[in-house]
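A look at the structure
The residues making up each chain are set out below.
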Amino acid sequence: EDKKENLDDFRTVGYYSYDLFEEPLENLQTDKLTHIMYAFLIPQKDGSVLPLAEEENARQLIEKAHNDNCKVYIAVGGWSYKDVPLQSAFEEASKTPETRKKLVESIISVVEDYGFDGVELDWEYPNSASSSNYEALILELSAELKKHEKHLTAALNGAWSQTEGPEVSKYVSDACLDAFEFISVMSYDMNNEQHSPFWFANTSIDYWLNRGVSADKIVLGMPLYARPTFMQYRHLVEKDKSFAYTDFAEVGGKVSHYNGLPTLCKKTVLAAKKAGGVMLFDVNEDTNDNTSTVSMIDETLSHIEKNGFDDITSLKFLEKADNTDELIGIIK
């Protein structure tokens, strides 16, 4: 019985970047997601934020999601805005108590206006000079969101070993980790050929477990795009249906490395066993047919709820997976 309980709180998160895709809202499977991260709210150096570009889209998405009991958080930041990295905007805005207060108030105001359920802070990345301001921002934002009964999460890095992650991860203090409802672990973009392999997902979960984050607060990020081409999963599958079941493809003489359904399924099983959820970046890069990743995740979780972990080899997506023994070894 306890197997079923374990997945009751499992999070299926979709990052939704409104400015990158022209996907109709009805294609978004909010009934199979628990959270959507609406990206991005852009911070300014003075602590203000830019207005959301697609106001109507955001309101419609929140309504659709809420009808399906799916929460919507506003993701603040991201790597860059109009090709300018946002790191310095975060550094400046968090530097003084005054600008920090203004940034917190600016974010809360957007959350309240639209009815977002929480905030995902995506500051890429704090460093030794800004880490104490990062912590101050997190704690102040967390305290303010709690007053409004809203949640705070963060996008953090993956790690290539159980104990060694990128330098930037060390600047996320225990106090910050305690303040987050959960963390979205970006276990992708390692390099082109090893963009997001299965072993990297496993070491990324282990790294944060070793940092003292509880398993239920770790959400494993999975990419729906390829390196180095940045081709989207849906566009690859459009070219050739068989590309849904492999991790590399050659299109027009260029090789794409990505995660197909077998690898994404292995990672979903891994997260169900060792973590608290999965996150897709970006959910609008998914297909709308029987190769849909969101549907695969839903089917995989239903299978585990019904049969536990003893029977995962009968999952149709794993029939085409490489090295399932590795996964079976981990979940035993």
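Predicted model only: the values in this text are computed from it and were never measured. (Residues numbered from 1 in each chain as written. Predicted model: local features only at pLDDT ≥ 70, side-chain atom pairs only at ≥ 80, totals over all residues. Heavy atoms only, no water.)

Another aspect to go through is the sheet that holds strand 2 (residues 35–41). Spatially, the 8 strands close up into a barrel ordered 1-2-3-6-7-8-9-12, and their pairing is parallel. The average angle at which neighbouring strand axes cross in this sheet is 25°, direction not considered. Here 6 bridges tie strand 2 to strand 3 (residues 71–78), and the two strands are oriented parallel to one another. Pairing of L41 across the sheet is with V76, part of strand 3. In the packing of helix 10 (residues 293–307) onto the sheet, contacts are made with strand 1 (11–17), strand 9 (218–223) and strand 12 (277–281), and the angle to strand 12 comes to roughly 170°. (Pairing = 2+ DSSP bridges. Helix = DSSP H or I, 4+ residues; strand = E, 2+ residues; numbered from the N terminus. Axes fitted to C-alpha atoms, helices over the stretch in contact; angles between N-to-C directions. Contact = heavy atoms within 4.5 Å.)

Moving on, we get to the pattern of salt bridges. Applying the stated criterion across every chain yields a total of 14 salt bridges. A salt bridge links R234 to E23; the shortest N-O distance between them is 2.7 Å. You can see R234 sitting in helix 8 (residues 233–239) and its partner E23 sitting in the loop between strand 1 and strand 2, a full 211 residues away along the chain. For D46, the salt bridge is made with K102, and the minimal N-O distance between the two is 3.6 Å. Of this pair, D46 sits in the loop between strand 2 and helix 2 (55–67) while K102 sits in helix 4 (residues 97–114), and the two are 56 residues apart along the sequence. Look at D46 and you get partly exposed, because its relative accessible area is 39%. The network of salt bridges with shared partners includes E55, R59 and D113. (Salt bridge = Lys/Arg side-chain N within 4 Å of Asp/Glu carboxyl O. Buried < 20%, exposed > 50% of the residue type's maximum accessible area, 1.4 Å probe, protein only.)

Our next topic: the packing of aromatic side chains. Per the stated rule, a full pass over the model turns up 16 aromatic pairs. Taken together, a centroid distance of 5.5 Å and an interplanar angle of 20° make the contact between Y16 and Y38 stacked. Here the residue Y16 occupies a position in strand 1, and Y38 occupies one in strand 2, the gap between them amounting to 22 residues. Residue Y38 is classed as buried on the basis of its relative accessible area of 0%. With centroids separated by 6.2 Å and ring planes inclined at 75°, the aromatic side chains of Y188 and Y225 adopt a geometry described as edge-to-face. In this pair, Y188 is assigned in the loop between strand 8 (183–186) and helix 7 (198–210) and Y225 in the loop between strand 9 and helix 8, connecting sequence segments 37 residues apart. Exposure class is identical for Y188 and Y225. Each is buried. Ring pairing ties together the aromatic residues Y15, F40, Y188, Y225, F230 and F281, which thus form one cluster. (Phe/Tyr/Trp six-rings, centres within 6.5 Å; stacked < 30°, edge-to-face > 60°.)

Averaged over all residues, the pLDDT of the chain equals 95, while 98% of them reach at least 70. Here residues 1–5 is modelled with pLDDT under 50, and outside its nearest four sequence neighbours on either side it reaches 4 contacts, counting other chains as well. (pLDDT = per-residue confidence, 0-100.)

With 4 of 5 residues buried, strand 12 lies mostly within the body of the structure. Pairing of strand 1 with strand 12, which is carried by 4 bridges, proceeds in the parallel orientation. By the bridge assignment for strand 12, G14 is matched with L280. Of the pairings in the sheet, the one linking strand 9 to strand 12 comprises 5 bridges and is parallel in character. Across the sheet, M222 pairs through a bridge with L280, a residue of strand 12.

Right, let's talk about the pairing of strand 10 (residues 248–251) for a bit. Burial along strand 10 is one-sided: the face carrying A249 and V251 is buried and the face carrying F248 and E250 is not. Bridge count for strand 10 against strand 11 (residues 254–257) is 4 bridges, and the pairing is antiparallel. Following the sheet pairing, A249 is matched in strand 11 by S256. Here strand 10 hands over to strand 11 after 2 residues, with G252 in that stretch at a positive phi of 60°.

Residues Y38, F116, Y134 and F180 are the most contacted members of the largest nonpolar core, which totals 86 residues. When residues no more than four places from it in sequence are discounted, the contact partners of F116 are Y38, L52, I62, V72, Y73, I74, V110, V111 and K150. Counting 17 residues, the second-largest nonpolar core is a separate cluster that includes V13, A75, M186 and Y188. (Core = buried A, V, L, I, M, F, W, Y, C linked by side-chain atoms within 4.5 Å.)

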